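# Descriptive structure summary
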Amino acid sequence: MLRFRVLGSGSAGNATLVEAGGGRLLIDAGLGSRELSERLLSAGVDPASLTAVLLSHEHGDHAKGAAAFSRKWGVRLAGSRGTYAAAGLGAESIAGYEVLEPFAPAALGAFTVRGVPVPHDAAGPMAFVVSAGEGALGHATDFGHLNRRLVDAFSACDAVLIESNYDAGMLREGPYPWSVKARISGGYGHLSNDDTGRYLEKGLGEACRVVVLAHLSENNNHAEVARFTADTALRRRGRADVRLEVCGADGTEWFDVGAMPVPRAKGPKQLRLF
Ligand SMILES: [Zn+2]
Ligand SMILES: [Zn+2]
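A few points on the structure. (Residues numbered from 1 in each chain as written. Chains lettered and ligands numbered in written order. Predicted model: local features only at pLDDT ≥ 70, side-chain atom pairs only at ≥ 80, totals over all residues. Heavy atoms only, no water.)

### Here's the deal with the coordination of the zinc ion (ligand 2)
The coordination sphere of the zinc ion (ligand 2), as far as protein atoms go, consists of H57 (NE2), H59 (ND1), H120 (NE2) and D142 (OD), spread over 2.2 to 2.4 Å. Each of the four donor atoms bound to the zinc ion (ligand 2) contributes to angles spanning 91 to 166°, and the resulting shape is irregular. Sequence positions of the residues that donate to the zinc ion (ligand 2) give the spacing H-x1-H-x60-H-x21-D. Taken as a pair, the zinc ion (ligand 2) and the zinc ion (ligand 1) lie 3.7 Å from each other and share D142 as a ligand. Of this pair, H120 sits in the loop between β8 (111–117) and β9 (126–132) while D142 sits in the loop between β10 (135–140) and α5 (148–153); the two residues are 22 residues apart in sequence, bridging distant segments of the chain. For H120, a relative accessible area of 4% gives the class buried. Accessibility expressed as a relative area gives 2% for D142, which makes it buried. (Donors = N, O, S within 2.8 Å, 3.2 Å for Na, K, Ca; no water. Tetrahedral: all angles 85-135°; square planar, octahedral: opposite > 155°, others 65-115°. Helix = DSSP H or I, 4+ residues; strand = E, 2+ residues; numbered from the N terminus. Buried < 20%, exposed > 50% of the residue type's maximum accessible area, 1.4 Å probe, protein only.)

### A closer look at the packing of aromatic side chains
Taken as a whole and assessed by the stated rule, the structure comprises two aromatic pairs. Aromatic side chains Y84 and Y97 sit 4.7 Å apart centroid to centroid with 55° between the ring planes, which places their arrangement in the tilted category. Of this pair, Y84 sits in helix α4 (residues 81–86) while Y97 sits in strand β6 (residues 97–99), placing them 13 residues apart in sequence. Given the relative accessible area of 14%, Y97 is considered buried. Here R3 stacks its cationic end above the ring of W254, 3.8 Å away from the centre of that ring. Between K72 and the ring centre of W73, over which it is positioned, the NZ or CZ distance is 4.9 Å. (Phe/Tyr/Trp six-rings, centres within 6.5 Å; stacked < 30°, edge-to-face > 60°. Lys NZ or Arg CZ within 6 Å of the ring centre and 35° of its normal.)

### Observations concerning the coordination of the zinc ion (ligand 1)
Every protein donor of the zinc ion (ligand 1) is accounted for by D61 (OD), H62 (NE2), D142 (OD) and H215 (NE2), and the metal-donor separations fall at 2.1 to 2.3 Å. Here the zinc ion (ligand 1) binds four donor atoms, and the angle range of 91 to 157° at the metal identifies the geometry as irregular. Along the chain, the residues that donate to the zinc ion (ligand 1) are spaced as D-H-x79-D-x72-H. In this structure H215 comes out as buried when scored by relative accessible area, which is 4%.

### Some remarks on helix α8 (residues 193–202)
Residues of α8 that are buried include every one of N193, D195, T196, G197, Y199 and L200, and no others. Buried positions along α8 lie against α5, β11 (159–163), β12 (210–214) and α9 (223–236). (Contact = heavy atoms within 4.5 Å.)

### Focus on the pairing of strand β2 (residues 15–20)
Every other side chain in a regular strand lies on the same face of the sheet, so the side chains alternate between the two faces. Burial analysis of β2 places six of its six residues in the buried class, the great majority of the element. Across six bridges, strand β1 (residues 2–8) lies against β2 in antiparallel orientation. Counted as the bridge partner of V6 is T16 from β2. Bridging between β2 and strand β3 (residues 23–27) involves five bridges; their strand directions are antiparallel. Paired with A20 across the strands is G23, a residue of β3. Here β2 folds back onto β3, and the loop between the two strands holds two residues, one of which, G21, carries a positive phi near 55°. (Pairing = 2+ DSSP bridges.)

So this is what it looks like as structure tokens:
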């Protein structure tokens, strides 16, 4: 059994805890080291027990606490060469750094991790497929557009955490300067609710039973809008078997991956007609 929970999501700091076979990984350390340690402890996890911290990219909301956390708890970091350089980790005292080559499976304790390059304005940004035993989680935040290699890499995942960063109308009408709006909505920025909906309708793998929407913008999105868009897309696809959750800034409870599908609360199970 593989399970995961989000400890923090959005511009205030991202971190996702994954657990399987007695081992634990963290994806991103975008909170301060002390805050991250406290959130792990309140989830019942000894920070020193982590196998590694995967870093998706060097932006502060993903890597801010990484070096201090690694140093304090003796936990190795892992990510692309670009992330290592751009986060300045060569100048930091850390417990170690595992370079993840694009698409190459890497064994980290009980886990197999594959890094998938994504289009984002960072040095070597990656999504991850984390698998252990029978379960696989696809984890992708911070990317400006969907491409075939990400869809393919996630096609056998039992659970997918994907960003649903902004509502296009709210971003357009909102207070950000035009240059920031252009960056967010550009091909190397973030996914809109509509982009994520398109993925769920056209690209989501048949094995997936849990979808978590993450990294919602505090200024340019509402959880209900993101959920409605994703839910509509899943219904169009006839995927009443998928549990859909929206992640707030403070994270989520545990999600079991590879467990029995959770039926939807209302309405009969939709029959597949074609
Ligand atoms: Zn981010
Ligand atoms: Zn970023």
